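In case you want the letters, here they are:
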Amino acid sequence: MSPSVHQTADEQPAIGSHSNSEKYADVNWDELGFSLIETDFMYVMKCSIGESFQSGSIAPFGNLELSPCCTLLNYGQGLFEGLKAYRKEDGKVQLFRPEQNALRMQTGAERLCMPSPSVEQFLHAVKQTVIANKRWVPPPGRGSMYIRPLLMGMGPALGLGPSPNYMFLVFASPVGDYYDKGGKSMNLLVEDKHRRASPGGTGSIKTVANYSPVLNAQARAKAQGFSDVLFLDAATGKYIEEVSACNIFIVKDKVISTPETAGTILPGITRKSIIQLALMLGYKVEERLIPVEELLDADEVFCTGTAVVVTPVSSVTHQGRRVEYKQSQGETPVNKKLCKTLTGIQMGRIDDKMGWMVQVD
Ligand SMILES: *Cc1c(COP(=O)(O)O)cnc(C)c1O
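Small disclaimer: the values here were computed from a predicted structure and weren't measured.

S.K.: For this particular structure, what's the right way to read the site of the ligand?
M.R.: Around the ligand, 15 residues are found, and the nearest of them are Lys206, Tyr211, Glu242, Thr270 and Thr306. Here Lys206 contributes a side-chain N or O atom positioned 2.8 Å from an oxygen atom of the ligand. One of the backbone nitrogen or oxygen atoms of Ile269 is found 2.8 Å away from an oxygen atom of the ligand. For the ligand, whose accessible area on its own is 380 Å², the fraction buried by protein is 97%. For the shell around the ligand, the secondary-structure elements that each account for two or more residues are β11 (246-252) and α5 (269-280). Looking at the shell around the ligand residue by residue, the classes come out as five nonpolar, six polar and four charged.

S.K.: Could you clarify how one ought to interpret the packing of aromatic side chains in this entry?
M.R.: Within a pair of aromatic rings, the relevant descriptors are the distance that separates the centres and the angle that separates the planes. Enumeration over the complete set of coordinates arrives at eight aromatic pairs. Between Phe122 and Phe168, the aromatic rings sit 5.7 Å apart at their centres with planes inclined by 35°, giving tilted as the arrangement. Residue Phe122 is found in helix α3 (residues 119-132), and its partner Phe168 is found in strand β7 (residues 165-175); the two are separated by 46 residues along the sequence. Residue classification places Phe122 among the buried positions, given a relative accessible area of 1%. A residue is classified by how much of its surface remains accessible, and Phe168, at 0% relative accessible area, is buried.

S.K.: Would you mind showing me how to read helix α4 (residues 212-223) here?
M.R.: Owing to its 3.6 residues per turn, the α-helix aligns residues three or four sequence positions apart on the same side. Here α4 is twelve residues long and its end C-alpha atoms lie 17 Å apart, about the 16 Å a rise of 1.5 Å per residue gives. When we look at burial in α4, the residues that qualify are Val214, Ala217, Gln218 and Ala221. Projected onto a plane normal to the axis of α4, the buried residues spread over an arc of 105° and lie on a single side. Buried residues along α4 sit against β8 (186-190) and β9 (228-232). Directly after α4, the chain includes Gly225, whose backbone phi takes a positive value near 90°.

S.K.: How should the pattern of salt bridges be read in this particular structure?
M.R.: Pairing is possible between side chains that carry opposite charge, provided their charged atoms lie close to one another. Under the counting rule described, the total for this entry stands at 15 salt bridges. Note that Asp299 is salt-bridged to Lys252, the shortest N-O span being 3.7 Å. Residue Asp299 is found in the loop between α6 (292-296) and β14 (300-305), and its partner Lys252 is found in strand β11; the two are separated by 47 residues along the sequence. Shared partners join several salt bridges into a network, and the residues in it are Lys284, Glu286, Arg288 and Glu294.

The rules we used
Residues numbered from 1 in each chain as written. Predicted model: local features only at pLDDT ≥ 70, side-chain atom pairs only at ≥ 80, totals over all residues. Heavy atoms only, no water. Near = heavy atom within 4 Å. Polar contact = N/O pair within 3.5 Å; in protein donor to acceptor, adjacent residues only side chain to side chain. Areas by Shrake-Rupley, 256 points an atom, 1.4 Å probe, with all protein chains shown as cover. Helix = DSSP H or I, 4+ residues; strand = E, 2+ residues; numbered from the N terminus. Nonpolar A, V, L, I, M, F, W, Y, C, P; charged D, E, K, R; others polar. Phe/Tyr/Trp six-rings, centres within 6.5 Å; stacked < 30°, edge-to-face > 60°. Buried < 20%, exposed > 50% of the residue type's maximum accessible area, 1.4 Å probe, protein only. Expected span 1.5 Å × (residues − 1). Arc of directions from axis to C-beta. Contact = heavy atoms within 4.5 Å. Salt bridge = Lys/Arg side-chain N within 4 Å of Asp/Glu carboxyl O.

Nothing here speaks to function; it is geometry throughout.
Right, dumping it as structure tokens:
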């Protein structure tokens, strides 16, 4: 592999003191977790209400200036996305299904009365962000670059109404495993006090207001030693929906089931991909209502998301009853097979027959 110098497009401003030609940033790649490591650049694009985004540019990573009265801070008029870039053995970097994130942001923007970037603009911004920060993309197999696009109401509105202007911003950070090393499985507590999303609400879009309402339940669960909480449906409290920031699947007699996304569940791109891969591998997959009882009676339970990828659940606790999911002797769990296939495609080790990967450079 020859260390190549990457020109960062037409929009590239003068680069600061560091040399962009060095292959890797000074990071201990073996210590990567899921906390922010600031990288060199971010991408910024602005527009006013009633107009559409035109063009943006790469800027040094740094703080933003915004009105204390802006709709993002005051009314939660904002969306986020999350996707990853992977460095392959040949040194090239690829993205996993980024157009899906662009489309999801468009759906969310419509719900929150915001203009949104086109799929092409979104892709361009993500690619520019990765190219400009390429030295922060971990070596093959040692982690990935987490990319965080944001769409925000930056202007003031005191009386309730949408912001007069908007910013689309993309930043990135190298990441490793979401859960601490060694503990790559989850112990879930079924939350029966708080609900995450209600019918007709915003549970199916990635609003910036999605996570703060789950912090209290999560803190209570963590204080009792659990990894995270599993939420039940708001209408009846009988059916499982999803974990704070990832989707859930159960396996029973080789049939894979996951709650249907009917407005209160975030339609995860990992969820959708796992369903497609499972069907391809010959499994039966059902998207439907899943009563808590079925979860407790499952052979296998696992969670999916960009951050957690595919993480097995080792126990679920519901109203004081703890159920452990035991691995049957000598058989590879369904979640392991799916995880291996998915990560193989993402890292370029398995042929991408689905056409999911997008080359960055
Ligand atoms: C982002 C998110 C997910 C996972 O979606 P992916 O596209 O797979 O990363 C699941 N649930 C919630 C609430 C989320 O915000």
